[in-house]
Amino acid sequence: MAADVHKKKSWEVPNGSLAPGDGQHTERSESPTPGLAQGTEPGMEHSSPRREARGGKSSSSCGLGPPQPCGRGRWAHSSPAGPAPTGCCGMGRGGRSPLHPSPSMGDTRTDAAWPVVPGAGQEGAMFVHTRSYEDLTSPEDGAAAARSPEERRGEPAEQSSMEQISKDFSELSTQLTGMALDLEEEMRPGKEGKLEPSPQTARRDSVLSGKEEEDVTMDAWRLHRKHVFVLSEAGKPVYSRYGSEEALSSTMGVMMALVSFLEAEKNAIRSIHADGYKVVFVRRSPLVLVAVARTRQSEQEIAHELLYIYYQILSLLTWTQLNHIFQQKQNYDLRRLLAGSERITDNLLDLMAHDPSFLMGAVRCLPLAASVRDAVSSSLQQAKAKSLVFSILLSGNQLVSLVRKKDQFLHPIDLHLLFNLISSSSSFREGEAWTPICLPKFNSSGFFHAHISYLEQEMDLCLLLVSTDREDFFTVSDCKRRFQERLRRRGVQHALQEALRTPFYSVAQVGIPDLRHFIYKSKSSGLFTSPEIEAPYVQEEEKERLLGLYQYLHSRAHNSSRPLKNIYFTGPRENLLAWVTNAFELYVCYSPLGTKAGAINAVNKLMKWIRKEEDRLFILTPQTY
Amino acid sequence: MVSGGCRPQAQDGGGGGGRPGEAARSDPSQFLHLQPQARAQRGREKKILFYHPNEVEKNEKIRNVGLCEAIVQFTRTFSPTKPAKSLHTQKNRQFFHEPEENFWMVMVVRNPIIEKHKDGKPVYEYQEEELLDKVYSSVLQQCYSMYKLFNGTFLRAMEDGGVKVLKERLEKFFHRYLQTLHLQSCDLLDVFCGISFFPLDKMTYLKIQSFINRMEESLNIVKYTAFLYNDQLIWSGLEQDDMRILYKYLTTSLFPRHMEPELAGRDSPIRAEMPGNLQHYGRFLTGPLNLNDPDTKCRFPKIFVNTDDTYEELHLIVYKAMSAAVCFMIDASIPPTLEFCRKLDSIVGPQLTVLASDICEQYNINKRISGAEKEPQFKFIYFNHMNLAEKSTIHMRKTPSVSLASVHPDLMKILGDINSDFSRVDEDEEIIVKAMSDYWVVGKKSDQRELYVILNQKNVNLIEVNEEVKKLCATQFNNIFFLD
């Protein structure tokens, strides 16, 4: 049972069954596009990835997850020769970074029993009506004179004890302000030398991260639209989107100090707000994720993106392993284990900035004639193997077909992580890859093994076969061969190629003049459809602005304490409409010239059009093995 | 160290202001100033100029102040010139304001708690999305403005007598002022802190104008004058920002305190003391209570205006006859004598009485013309950033210092959400939303004006909502262009 796995706290994932995730799949609804990628709103649920294991039913289905040796196998961007499940990488011990002592929050309270200062109350001053605060008295006969002599005598005593406390406190606050001050100093040009990491570590870092160092003292660095930092509870850098982790280690130390300061008071930091930007903290022990965003997104949306980053890290390590590492060694430098994966995280962040899938918590399908999709799906379904759990065919970031084991459901977040993995590397094009991967929403304690390959060199069609058995490369590879064979036999390859030539449809097909763009999400299936973003959203920043408007409407519609059913927004450059029901969500962008009556008509027309086209835009009959 | 009293009463609702000395089980709201300047050598606690509640343990005060400093410093990493304005935590929200260089004000407001039952045990859960940032940061800014109105700037106090004087002034002012804050009933109107203007025809307006001119002529030491009717402003000689805060003081503190004698009419105890004065209804709201008593003290509150440039210190004389109130402000260097007060009473009293009844009459005529008021299908709030004009049919200012909204708090918060969305961009926008309760809420921003409407009908569609709002704009704001 999955729940037991966590308790063992072992490096090994036991040879047990990976029970499916959330148990949400029990509540399926009768939608036209039922349960393919199941799940409601993507995981804003709290903390523990520990899951309820589903009752005995599923345990018989598969024996997932062979013992996993330490670390995860490196990506096997293999030669066509095939499998290369390499051993562990970079899990060596030692090599602790000398840079940062962990900020421990010392107990600053010296003594609970402070002498009560006599006369410190204010009764003497209460001679004026409490509701009046204007000063009716001249300074001479004011409240100052009314203070009792005791009160004055009390002051020196108070001060001396205060001195003591301030001393104690200064130790603690060095971590808070002190670090910030150090950092400021560091930021000042000409003084970098002081806190520069030793050349050795710096070199190691640059080798590891493989991205060019960005000067964190420059305005350009400050003005990035969204910074993302990941750090361990010891305040050690794990990831930074811009600038090297080394140069930012003191900033991250301050972040951790802030987090632990509030935790020491049984409180939790959520976010900091300033003019033009917000800082959002997400705590997922043993990691802390922080974003500094200049976007219009809500705090919740930014936190949601940080959770994606967290899941991304889990997908490489598993929750079990991540916890084990930090239990063994609190100030472990996680970067050695994640070396080479920065690119995947970078890609995920870039993807989230312009792909609405993440905002919608849903997956987009490649528009495809139902007959062709059915042929593809049944070919996939027939090319099964005992250890296969999911067979996924995708193009770009759109889903072509997904076949799953009975009773096993793939959460949109897991699917997004897979999409991101594939889109972040071109090397998958070069052959068959066999890589361990954790699907954190499905089961955060064990690895699957994914067979990743492109069907043909020129075609943007990627096949992903998720297996439970590490040793099954050849079997799974054979599944691919069988799938391709069936595809050929059914003669749908041509039609598929044709469809790939136009992976997006134009909004003009809907035939509504003022309609510029829309997003329609079917809640029960976790799928959404959306046309290509066209003029006037041509420039990259215009596209992001449009997504920003959708984010804005989405955050208002889904506000946790004040959700909304309908929103109609009129701006100078476009009008937008949001409509959220139990079954679907619709976001529509109109030209600014249209009227509200026109907008309502357009929605009715649009809904009719989607219904008419649904078998092309969605996967209506998902297959199981 | 001294203390005042203020707690947001998100939970127990009842009662007036917070009681000092009452330790709350969960975090009380704290209110503190600090001054990060003299750091190292002086010790941290010296920087705390005022802290409420004072009962808080010393080192906890120091820790809390340290956290604020750390947050502000930390955000300078990302924006050296625009540091943090608020901090959200699970339990509370903290608001930071630097009204004068190196002087910081911080206000901590606790998130509301709801009690839930889990396995028979009560579990407390913080509602983290209930407080609106803009509302409370505006409240904090107004705290400073109000302090400054009656005490001048922090810096001036430091120059006058160092930290000691400043601490005394802060203590004296905030101890009382904080008790008048009703944090749980703050809403969008606190963001605007606007001025309600009295609608008037030209003729009456000219009458008032000439009245003010005559008064300033006869009472030549008067520097500025302001005229209000029915708690609404008609004329002011002060700068907008000074008038805004003075208006808030008058309408939320001074006038409500003098409401009872007003309602009691001429039999009020104050009038009874002045039997010889039957030809008019004028009386002082600030200053002498009884002009016939030669020992009465002519003490008026001092206010500070134009603190950015000329820095003027003034005596505030508020004189009222029926619903009309006039504020005369005279230079603080000229102490108002009893003679002056008597002269003012004898000149202003009769004329203001006549004027007040004129305005009342005119107002009733206008009301009759505009037709009998039916129960309108909507309630609205309007605010104009240019002249600070504010109008609300949502609020009933019946109780002193608390403005009660007549709609569900969730709808008020949606208005607040819309307002904060509007302020993020400088463009004209309109937004119509349907809440879960099926009420429609409309926000419009055009030029410097903002209009918020809550519709009372539930079963209407977007187009009908639009029609209603158009009608409203046509009747109430016919000369204002709103983006359609």
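Residues numbered from 1 in each chain as written. Chains lettered and ligands numbered in written order. Predicted model: local features only at pLDDT ≥ 70, side-chain atom pairs only at ≥ 80, totals over all residues. Heavy atoms only, no water.

Draft legend 1. Spatial organisation of the pairing of strand β8 (residues 222-229) of chain B. Residue and element names in this part refer to chain B. When you tally the buried positions in β8, you get seven out of eight residues, the bulk of the element. Strand direction decides the pairing type here: β8 and strand β13 (residues 324-331), joined by seven bridges, are antiparallel. Counterpart to threonine 225 in the pairing with β13 is phenylalanine 328. As defined by bridge partners, β8 adjoins strand β9 (residues 232-236) across four bridges and the pair is classed as antiparallel. Across the sheet, residue phenylalanine 227 finds its bridge partner in β9, namely tryptophan 235. In this antiparallel pair of consecutive strands, β8 and β9, the connection spans two residues, and asparagine 230 shows a positive phi of 60 degrees. (Buried < 20%, exposed > 50% of the residue type's maximum accessible area, 1.4 Å probe, protein only. Helix = DSSP H or I, 4+ residues; strand = E, 2+ residues; numbered from the N terminus. Pairing = 2+ DSSP bridges.)

Draft legend 2. Representation of the sheet that holds strand β14 (residues 564-570) of chain A. Taking strand neighbours across the sheet as the criterion, the 11 strands line up as β6(A)-β13(A)-β12(A)-β16(A)-β15(A)-β14(A)-β18(B)-β19(B)-β20(B)-β14(B)-β15(B) in an open arrangement whose pairing is mixed. The strands lining the two open edges of the sheet, one partner per strand, are β6 (363-364) of chain A together with β15 (390-392) of chain B. Pairing geometry for β14(A) and strand β18 (residues 429-435) of chain B, over six bridges, is antiparallel. By the bridge assignment, Thr570(A) is partnered in β18(B) with Glu430(B).

Draft legend 3. Quick peek at the packing of helix α2 (residues 133-151) of chain B against helix α3 (residues 154-180) of chain B. Residues and elements named next belong to chain B. Contact pair α2 / α3: the axes reach a minimum separation of 11 Å and the direction vectors enclose 115 degrees. In the crossing of α2 with α3, the sense of the turn from one axis to the other is right-handed. Note on element contacts: α3 touches α2 through Phe154, Ala157, Leu166, Arg169, Leu170, Phe173, Phe174 and Tyr177, opposite Gln142, Cys143, Tyr144, Met146, Tyr147, Phe150 and Asn151. Along the lines of polarity and charge, the residues of the contact of α2 with α3 split into 12 nonpolar, two polar and one charged. (Axes fitted to C-alpha atoms, helices over the stretch in contact; angles between N-to-C directions. Left-handed = near helix turned anticlockwise from the far one by under 90°. Contact = heavy atoms within 4.5 Å. Nonpolar A, V, L, I, M, F, W, Y, C, P; charged D, E, K, R; others polar.)

Draft legend 4. Quick peek at the UniProt feature "domain: FUZ/MON1/HPS1 first Longin" (unreviewed entry) in chain A. When the UniProt feature table is mapped onto this chain numbering, "domain: FUZ/MON1/HPS1 first Longin" (unreviewed entry) sits at residues 226-348 of chain A. Within the segment residues 226-348 of chain A, helix and strand shares are 46% and 26% respectively, and the terminal C-alpha atoms sit 13 Å apart. (UniProt positions renumbered as here; feature names shortened; annotations may be inferred.)

Draft legend 5. Geometry of the confidence of the model for chain A. Residue and element names in this part refer to chain A. Residue-level pLDDT values for chain A average 73, and 66% of them are 70 or greater. Here residues 1-130 is a poorly scored stretch, pLDDT under 50, and it has 294 contacts once near neighbours within four places are set aside; other chains count. Low pLDDT (under 50) marks residues 138-211, which in the prediction has 118 contacts with non-local residues, meaning those over four places away or in another chain. (pLDDT = per-residue confidence, 0-100.)

Draft legend 6. A look at the packing of helix α17 (residues 596-617) of chain A against helix α11 (residues 462-476) of chain B. Between α17(A) and α11(B), the least distance of the axes is 9 Å, while the angle of their chain directions is 175 degrees. As the angle between them shows, α17(A) and α11(B) are arranged roughly antiparallel. Two secondary-structure elements touch here, α17(A) through Lys596(A), Ala597(A) and Ile600(A) and α11(B) through Leu462(B), Ile463(B) and Asn466(B). A breakdown of the residues in the contact of α17(A) with α11(B) according to their chemical character gives four nonpolar, one polar and one charged. (Parallel < 35°, antiparallel > 145°, perpendicular 65-115°, else oblique.)

Draft legend 7. Structural detail: unusual backbone geometry. Looking along the chain, the bond that leaves Ala535(A) and enters Pro536(A) is cis, with omega of 5 degrees. In this structure, the amide linkage connecting His52(B) to the following residue, Pro53(B), adopts the cis form with an omega of 0 degrees. Tracing the sequence through the fold places Pro53(B) in the loop between β2 (48-52) and α1 (58-76). The phi torsion at Thr318(A) lies on the positive side, around 75 degrees, for a residue other than glycine. By the element assignment, Thr318(A) lies in the loop between α7 (299-317) and α8 (319-328). Taking relative accessible area as the criterion, Thr318(A) reaches 2% and is therefore assigned buried. Positive phi, normally seen in glycine, also occurs at Met322(B), with a value near 50 degrees.

Draft legend 8. Quick look at the confidence of the model for chain B. Residue and element names in this part refer to chain B. On average, chain B scores 81 in pLDDT, and the residues at 70 or more come to 82%. Considering each helix and strand of chain B separately, the mean pLDDT is smallest for helix α8 (residues 269-272), with a value of 43, and largest for strand β3 (residues 86-89), with 96. Predicted confidence for residues 1-30 stays below pLDDT 50, and this span has 85 contacts to residues more than four positions away or in other chains. Segment residues 264-276 is flagged for pLDDT under 50; beyond a separation of four residues in sequence, or across chains, it makes 16 contacts in the model.

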